[in-house]
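Architecture and fold: a report
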Amino acid sequence: MWKAIIYKEWKKTKWFNIGIWMVAILLLTYIFMKIGRSFRFVGMEHLWDVVVNRDQFLFRNLKYFPIAAGIIFGLSQFVPEVIEKRIKLTLHLPLPKHRAILIMIAYGLILLTITFTIHILTTIVFVQLYFPKEIIISMIFTIVPWYISGLVAYSFIAMISLEPTWKRRIFNIILMVLTLDLFYISDFPGAYRFNIYLVILISIYVMPFVFLSVNRFKKGIQD
Amino acid sequence: MENIIECKNLTHYYGDRRIYENLNFKIPKGRILGLLGKNGTGKTTTINILNGFLKPSGGKCLMFGEDSGNLSPETKQKVGLLIEGHVQYSFMNIIEIEKFYSAFYPKWKKEAYYGLMDLLKIDPKQKISTMSCGQRSQVALGLILAQDPELLILDDFSMGLDPGYRMLFVDYLNEYVRTENKTVFVTSHIIQDMERLIDDCLILDYGHIILQKPVDELLNTFRRYRFKCDSHEPLLSITDLLHPATIKGETEVYTFLEKNKLELLLKENNISIENLIEDKLSLEEAFIGLTGKY
């Protein structure tokens with residue numbers, strides 16, 4: 001049965017998923033070409049000076065990709081469930097309580113995690129060709145919160161989409177914006193070195209929020 | 001007889017607005033019950049409560065003996081649900097949606113679905129979102145037939161359908177439920193369709209049930225009388241006479257009384273009439289007679 005739910009989710013999100021992958025590839029290609037071009041034009045020494053002494057970060061273009069990917073993927077998956085209240089069909093499937101929603105959320109989070117992990121690993125593989133371990137670790141502590149924010153945004157979009165009332169939906173949007181702001185406090189290299197656990201904790205904390213919306217829908221709460 | 005659905009003291013309010021209070025009804029196994037009511041009387045509310053999409057303000061509904069707010073997967077497998085507007089996963093095509101649902105129902109009858117789909121004469125790879133309302137209704141019905149549920153809940157099945165598709169839907173459904181001894185709970189705006197389908201009717205007015213009885217019994221006992229009289233005003237105070245009105249000099253009333261009893265009643269109330277005519281009613285006319293035109 002879980003395979004059938006995955007099949008349904010894939011039908012909704014296939015083209016959005018392909019789109020996210022294409023943007024991911026184009027974005028990395030652009031960044032790698034830009035850095036390679038800098039190597040050739042200003043030289044390795046100057047680039048090193050910029051990165052090490054002036055704390056410049058070469059991967060700022062990655063900043064909003066994960067959050068955009070999380071929001072778009074979430075919308076592509078949950079908006080079709082909300083149109084004409086199709087979520088009723090999903091909730092009527094003969095599965096234990098919340099199982100269908102759990103599989104849907106797991107599908108989205110796993111697919112996004114795979115995409116983001118490959119993206120981060122590819123970046124690391126490229127960076128380790130030119131920079132030492134310290135710089136790589138610093139870079140990881142900067143970009144990982146951005147990617148986690150993509151997962152958090154996805155969880156919030158699921159919650160917001162399935163919420164049955166507009167008043168609470170708007171409140172949830174404000175909550176999402178304020179929470180996501182925590183992931184963009186600073187893009188100084190290694191800025192999240194000492195509070196990365198907090199960032200991970202937030203992402204786990206918000207995952208079950210979608211069930212609040214589902215329970216409210218099942219109670220028949222309306223505007 | 002075993003009751004498939006049982007609602008006890010069902011009460012629901014949207015904010016301060018009362019939909020109904022202490023609603024009680026049962027649907028025995030193998031019966032087809034039509035829920036009739038004007039807009040806003042709580043038909044869809046009742047369907048939502050039955051399927052666990054709405055928590056009632058009071059009372060409870062049991063389906064196969066389980067609380068409708070917390071149905072087990074085994075019970076959900078026995079319930080075929082048609083949502084108002086024949087809503088389905090419209091991002092799928094005919095083949096994909098059959099493949100999807102077949103995974104959830106052990107008694108899945110693929111041939112019942114494709115038998116109905118063959119009548120549509122459309123490309124099996126056409127997405128449901130690009131189909132007409134009539135075609136979508138057949139897809140939704142085909143999926144329910146393939147599921148082979150013991151109980152069918154159909155919310156306003158005739159919504160948006162032209163007469164041809166309405167007839168196709170009713171004929172197909174009628175044959176299926178009678179052959180397979182299924183229990184059906186159905187609502188529809190178009191009462192002519194219901195007359196051809198249902199065994200029992202439950203007529204809702206704002207806040208309460210007017211009656212629940214077999215359609216045959218209703219149509220054999222409920223009548224409209226037309227006659228000439230000076231004014232219908234005195235009729236308004238007689239409780240056995242429903243919705244008296246005078247149209248173009250002719251007065252009409254609806255009642256369960258037989259002709260001779262009506263004459264006696266009018267005589268007792270000193271109301272003189274002429275040209276008394278008794279009309280047999282269709283279900284739609286009986287519905288109007290019970291609920292009023294307005």
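Since this is a predicted model, take the numbers as computed values, not measurements.

The subject of this paragraph is the nonpolar core. Among the nonpolar cores identified, the biggest contains 157 residues, and Phe59 and Ile101 of chain A together with Ile5, Tyr101, Val139 and Phe185 of chain B are the most heavily contacted of them. It is helix 6 (residues 133-162) of chain A that provides the largest number of residues to this core, a total of 18 residues. Taken together, domain 1 (32-51 + 73-217) and domain 2 (222-291) of chain B each give at least three residues to this core, which thus spans both. Membership of the second largest hydrophobic core comes to 13 residues, among which are Cys229, Val253, Leu262 and Leu276 of chain B.

In this structure, the largest pocket occupies an estimated 440 Å³ of space. For the largest pocket, the lining is made up of 28 residues, of which Lys85, Lys88, Pro164, Phe217 and Gln222 of chain A are closest to its centre. If one sorts the elements of the lining of the largest pocket by residue count, helix 1 (residues 43-50) of chain B sits on top with 3 residues. Broken down by class, the residue content of the lining of the largest pocket amounts to 13 nonpolar, 5 polar and 10 charged.

Turning to the interface of chain A and chain B, a few remarks are in order. Contact residues are listed per partner, giving 26 residues for chain A and 28 residues for chain B. Buried surface at the junction of chain A and chain B, both sides included, amounts to about 2,700 Å², of which 66% is carbon and sulfur. Interface area lost by chain A to chain B is led by Leu89, His92 and Pro94 of chain A, which between them contribute 26%. In this structure, the salt-bridge partner of Lys11 of chain A is Glu96 of chain B, at a minimum N-O distance of 2.6 Å.

For the rest of this paragraph, the subject is the side chain of Thr46 of chain B. All names here are of chain B. Among the structural elements, Thr46 can be located in helix 1. The exposure class of Thr46 is buried, given its relative accessible area of 1%. Engagement of the side chain of Thr46 in a polar contact is seen with the side chain of Tyr20, the distance being 2.9 Å. Every residue in contact with Thr46, bar those within four places of it in the chain, is listed here: Tyr20, Phe25, Leu35 and Phe185.

Let us look at the packing of helix 5 (residues 99-127) of chain A against helix 6 of chain A. Residue and element names in this part refer to chain A. With their axes 11 Å apart at the nearest point, helix 5 and helix 6 run at an angle of 160° to one another. Accordingly, the angle class assigned to the pair helix 5 and helix 6 is roughly antiparallel. Relative to helix 6, helix 5 is oriented so that their crossing is right-handed. When the residues that make up the contact of helix 5 with helix 6 are grouped by side-chain class, the tally is 19 nonpolar, 6 polar and no charged.

Here the focus is the environment of Thr255 of chain B. All names here are of chain B. With respect to the secondary-structure elements, Thr255 resides in strand 13 (residues 250-255). On the accessibility criterion, Thr255 (1% relative accessible area) is buried. Those residues in contact with Thr255, other than ones at most four positions away along the chain, are Thr221, Phe222, Arg223, Tyr225, Asp240 and Leu241. A distance of 3.1 Å separates a polar atom in the side chain of Thr255 from the backbone nitrogen of Leu257.

All names here are of chain B. Spatially, 6-7-8-3-9-10 is the arrangement adopted by the 6 strands of the open sheet, whose pairing is mixed. Edge strands, defined here as strands with exactly one partner in the open sheet, are strand 6 (79-82) and strand 10 (208-214). Within this sheet the neighbouring strands show an average axis-to-axis angle of 15°, counted without direction. The sheet strands contacting helix 10 (residues 283-291) are strand 3 (32-37), strand 9 (200-205) and strand 10, and the helix crosses strand 9 at an angle near 35°.

Our focus in this paragraph is empty space enclosed by the protein. Within the structure shown, the criterion is met by 2 cavities of 30 Å³ or more. Taken as a whole, the largest cavity spans an internal volume of roughly 140 Å³. The wall of the largest cavity is formed by 13 residues, among which Leu81, Gln88, Tyr101, Tyr105 and Gln147 of chain B lie closest to the centre. The greatest single-element share of the lining of the largest cavity, amounting to 4 residues, is contributed by helix 5 (residues 133-147) of chain B. Partitioning the lining of the largest cavity into residue classes produces 9 nonpolar, 4 polar and no charged. Space inside the second largest cavity adds up to approximately 40 Å³. Leu91 and Lys218 of chain A together with Asn51, Gly52, Ser68, Gly69, Asn70, Leu71 and Lys76 of chain B are the residues that line the second largest cavity.

Conventions we followed
- Residues numbered from 1 in each chain as written.
- Chains lettered and ligands numbered in written order.
- Predicted model: local features only at pLDDT ≥ 70, side-chain atom pairs only at ≥ 80, totals over all residues.
- Heavy atoms only, no water.
- Core = buried A, V, L, I, M, F, W, Y, C linked by side-chain atoms within 4.5 Å.
- Buried < 20%, exposed > 50% of the residue type's maximum accessible area, 1.4 Å probe, protein only.
- Helix = DSSP H or I, 4+ residues; strand = E, 2+ residues; numbered from the N terminus.
- Domains from an automatic or database assignment.
- 1 Å grid on protein atoms, 1.4 Å probe; cavity = no way out; pocket = protein on both sides within 12 Å on 5 of 7 lines; lining within 4 Å.
- Points joined across faces, edges and corners; volume = space filled by probe spheres on them.
- Nonpolar A, V, L, I, M, F, W, Y, C, P; charged D, E, K, R; others polar.
- Contact = heavy atoms within 4.5 Å.
- Buried area = accessible area lost by both parts, 1.4 Å probe.
- Salt bridge = Lys/Arg side-chain N within 4 Å of Asp/Glu carboxyl O.
- Polar contact = N/O pair within 3.5 Å; in protein donor to acceptor, adjacent residues only side chain to side chain.
- Axes fitted to C-alpha atoms, helices over the stretch in contact; angles between N-to-C directions.
- Parallel < 35°, antiparallel > 145°, perpendicular 65-115°, else oblique.
- Left-handed = near helix turned anticlockwise from the far one by under 90°.
- Pairing = 2+ DSSP bridges.

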